[in-house]
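# A closer look at the structure
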Amino acid sequence: MEIYFVRHGETEWNNSNRWQGRSDIPLSERGRNQAIQTGEFLRKIGLRPAALYASDLKRARETAEIIGQTLRIKPIVNPVLREADVGLWNGLEISEAFRNHGNLIEHWRKDPWADIAKTESLGEVQRRAVSFLKFVSTAFAGKQVVAVSHALLIRTVICYSMGLPLENHYRLSMHNCSVSSIIVESGETRVHELNLWRHLEEE
């Protein structure tokens, strides 16, 4: 089974470097164009997914709907694919978040099970991501699946697949509408491609 994780397209909050978390922010016009280009890219490489999943947050659903139009498949919404809940600093510009909560954010980034009020630990995010990976690898053995999700969740499942300690997640770049693929075969999980985004260079 091969699963293609796609990060959602750009939003205005991405453009202003603002933490989004569970906030239900729609795609910007640029984000919609990115989703169109990503759908075309997946079509050109011959992808024929047995299923297309999306986080229930609007920016991921919109991205999946646009990709689905090109691949001729309807998205299945699954809240397991949601972004991390970062309620404590949600909505703040990144620089402002670090000014106000810098020590807590560093603790959260480096301790997978950091217990911080109103904030989901990265260990919990990874647990969701891995449960989804195991589900699709069983349900769609030998097939291709696309999942449109969010940067943090995708980075945690990449760490799992590469056997990396979760605190390394922030070392992985994850562009808007980038594509990363994971192969699950004979019980083995490995990363095949990471953060492919060159199809967006002409946007």
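These figures come from a predicted structure and were not determined experimentally. (Residues numbered from 1 in each chain as written. Predicted model: local features only at pLDDT ≥ 70, side-chain atom pairs only at ≥ 80, totals over all residues. Heavy atoms only, no water.)

## Examining the overall build of the chain
Keep this limit in mind: Only DSSP runs of H or I reaching four residues or more are called helices, and only runs of E reaching two or more are called strands; each is numbered from the N terminus. Between buried and exposed lies partly exposed: a residue is buried under 20% and exposed over 50% of the maximum accessible area for its type, with that area taken using a 1.4 Å probe on protein chains only. The contact criterion used throughout is that any non-hydrogen atoms of two residues lie within 4.5 Å. Here the Shrake-Rupley method, with its probe set to 1.4 Å, supplies the accessible areas, and only the displayed protein chains count as covering residues. Neither His nor the chain termini are counted; the positive set is Lys and Arg, and the negative set is Asp and Glu. To locate a charge, take atom NZ for lysine, CZ for arginine, CG for aspartate or CD for glutamate.
When helices and strands are counted, the chain shows 6 helices and 6 strands. Listing each helix as α and each strand as β along the chain from the N terminus yields β-α-α-β-α-β-α-α-β-α-β-β. Judged by the C-alpha coordinates and their principal axes, the chain covers about 45 × 40 × 25 Å. By the burial criterion, 54% of the 203 residues in the chain qualify as buried. A separation of at least 24 residues holds for 70% of the contacts in the chain among residues at least 6 apart in sequence. With an accessible surface of roughly 9,600 Å², the chain has 46% of that area assigned to carbon and sulfur atoms. Of the side chains in the chain, 26 bear a positive and 25 a negative charge, and the two mean positions are spaced by 3 Å.

## Some remarks on the pairing of strand 1 (residues 2–7)
The condition that has to hold: At least two DSSP bridges between two strands are required for those strands to pair.
Most of strand 1 is tucked away: 6 of the 6 residues are buried. Across the two faces of strand 1 the burial is the same, with Glu 2, Tyr 4 and Val 6 and Ile 3, Phe 5 and Arg 7 all buried. For strand 1 and strand 5 (residues 179–185), the ladder comprises 5 bridges, and the chain directions are antiparallel. Residue pairing in the sheet places Glu 2 in a bridge with Ile 183 of strand 5.

## What about the packing of helix 5 (residues 122–139) against helix 6 (residues 151–162)?
The cut-off we apply is this: Only the stretch in contact is used when a helix axis is fitted, and all axes are lines through C-alpha atoms; the angle between N-to-C directions ranges over 0 to 180 degrees. Each angle receives one of four descriptions, namely roughly parallel if under 35 degrees, roughly antiparallel if over 145, roughly perpendicular if within 65 to 115, and oblique otherwise. Only Asp, Glu, Lys and Arg are considered charged, only Ala, Val, Leu, Ile, Met, Phe, Trp, Tyr, Cys and Pro nonpolar, and every remaining residue, Gly among them, polar.
Contact pair helix 5 / helix 6: the axes reach a minimum separation of 8 Å and the direction vectors enclose 70°. Compared by their axis directions, helix 5 and helix 6 come out roughly perpendicular. Between helix 5 and helix 6, the residues in contact are Leu 122, Val 125, Gln 126, Arg 128, Ala 129, Val 130, Leu 133 and Lys 134 and Leu 152, Leu 153, Thr 156, Val 157, Cys 159, Tyr 160 and Ser 161, respectively. Partitioning the contact of helix 5 with helix 6 into residue classes produces 10 nonpolar, 3 polar and 2 charged.

## Description of the sheet that holds strand 6 (residues 188–196)
Across the sheet, 6 strands lie side by side as 3-2-4-1-5-6; this open sheet has mixed pairing. Here the strands that pair on one side only, and so sit at the sheet edges, are strand 3 (76–77) and strand 6.

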